[in-house]
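Architecture at a glance
What follows is each chain in one-letter form.
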Amino acid sequence: MAPLQPPQPPQPSSARHLSRRRLLTTSAATAGALLVVSSAATASAAASENTWPDLIPLPNGFRPEGITIGGGPYAYLGSLGDGSIYRADLRTGEGGIISAGPGTPSVGLKLDDRGRLFVAGRGQGARVVDVRTGKIIASYTLTTKTPTFVNDVFLTPRAAWFTDSFQPALYTLPLGRHGSLPDPDEVVTVTLSGDWTQTPGEVVNVNGITRTPDGKALLVVQSGVGGLHRVDPSTGVTKLVGLGDAAPLTNGDGLLLLGQRLYVVQNRQNAIDVFKLAADGRSGLFEGRLTDSDFDVPTTVAAHKNRLYLPNARFTTTPTPDTTYAVVAVKR
C-alpha cells in the first residue's frame, strides 16, 4: 500500500535416523498440541477482554472530544476545556492527566509510534505532545485566516493532516527523515475544490479525516450537509463518495478506517454508520448502524482489539465543573 505523499514546499544425531513416517507423525502431533494451546490462548484473551469495562469514567468537567489508541491498551483523550490530555487504561478503566493543558482546547488527536501526540487546537492551530513527559514539543499556527476551527488530525508515514471546519482547507505538517517535525514556516495549506461547496460562516464543514483503503487519497466528512468526500492530497480536488441509498451523514464527526470498513460517528444521532468501501474510496455500501444506550453525543472513535471506544462529548448538556463524562466501549 503506497503511503500518501504530502505536497512539496554439527554431527548428525540419532534424530536424523527417524523414519519419514515417524517424523510426519511426530510433526502432526506437535502441530495438534500447538493448535490446542493456541486456541486456548485465544479463548483466554477473548475472555479477558470481555471483563474490561464498557464504560470508562473521565474526570468531572473534562469535556472530551478526541480519542486515540496506540499499540497498548491505553486511550488518550483531549479536553475541550483547558486542553489537558488524559490517559485511560482500557483494562481497568483507571487513568489520569498526563499533560496539563495550556488553557486552550484540545479537539482531535492522534498518537504516532514515537510516543508523540498530534493535537488539533481549534482556534490555536496545532501542537505536538510527548506522552512520556507530558511536555509540548512543538506548536504550529496553521492559518492566519479567520474564523478558523482546527478540528481533527490524521497521520500518514510522511505527514500530519489537519482539518479546518470553518475554512475549505486541509493543513499539512510534512514529516522529515525518521519522522522529524517541520519548522513552523513549513506548514502547507491544501485548498479544497472540485465537488466541495463550503457553507459560509461559523458552520461545521470539514470534520473527521482518514485515508482511502488503498492509501492513495484522503477521506473527509462534511458535517452540515452530510457528504463524504475523497480528496486528492496533492491538489485538494474532491469527489463525493457514492454511498448508494444511505442517508446523508448529517452530524458526521470522527472517521475510522479498518481495512475496507469505514466507521462514521454521527454525534447528535448517537450512532455509528458502517460502510464497506471500494479500495480507491470512490464508492461504498452501507452495512449497518451501531448504537448504544450509553451514547450521549459521541464524537470520535478509536479501536482496540474487537472493540470501538467513543468519548461522550454531551454537547446537549450544559457543561459545568461537576458534569460527568465517560468513554463508551462497543463491539465492532
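Residues numbered from 1 in each chain as written. Predicted model: local features only at pLDDT ≥ 70, side-chain atom pairs only at ≥ 80, totals over all residues. Heavy atoms only, no water.

1. Concerning the side chain of Thr299
Take Thr299: it is sitting in the loop between strand E22 (284–290) and strand E23 (302–304). Polar side-chain contacts of Thr299 include one of 2.7 Å to the backbone oxygen of Glu65. (Helix = DSSP H or I, 4+ residues; strand = E, 2+ residues; numbered from the N terminus. Polar contact = N/O pair within 3.5 Å; in protein donor to acceptor, adjacent residues only side chain to side chain.)

2. Section: the pairing of strand E21 (residues 271–277)
Burial analysis of E21 places six of its seven residues in the buried class, the great majority of the element. Across six bridges, the pairing between strand E20 (residues 261–266) and E21 is antiparallel. The residue of E21 that forms the bridge with Arg261 is Lys276. Where E21 hands over to E22, the hairpin turn is made up of six residues, of which Gly281 adopts a positive phi near 75°. (Buried < 20%, exposed > 50% of the residue type's maximum accessible area, 1.4 Å probe, protein only. Pairing = 2+ DSSP bridges.)

3. Description of the layout of surface pockets
When its volume is computed, the largest pocket comes out at roughly 910 Å³. Together, 40 residues line the largest pocket, and Lys110, Leu111, Phe154, Leu155 and Thr156 are the ones closest to its centre. Within the residue set of the lining of the largest pocket, elements represented by two or more residues are strand E2 (64–69), strand E6 (109–111), strand E7 (116–120), strand E10 (150–155), strand E15 (206–211), strand E19 (252–258) and E23. Here the lining of the largest pocket takes five residues from E19, the largest share from any one element. In the lining of the largest pocket, the residues fall into 20 nonpolar, 12 polar and eight charged. In this model, the second largest pocket occupies a volume close to 410 Å³. Considering the residues around the second largest pocket, the lining is formed by 18 residues, among which Phe149, Val204, Asn267, Arg268 and Phe315 are closest to the centre. Taken together, the residues of the lining of the second largest pocket sort by class into seven nonpolar, six polar and five charged. (1 Å grid on protein atoms, 1.4 Å probe; cavity = no way out; pocket = protein on both sides within 12 Å on 5 of 7 lines; lining within 4 Å. Points joined across faces, edges and corners; volume = space filled by probe spheres on them. Nonpolar A, V, L, I, M, F, W, Y, C, P; charged D, E, K, R; others polar.)

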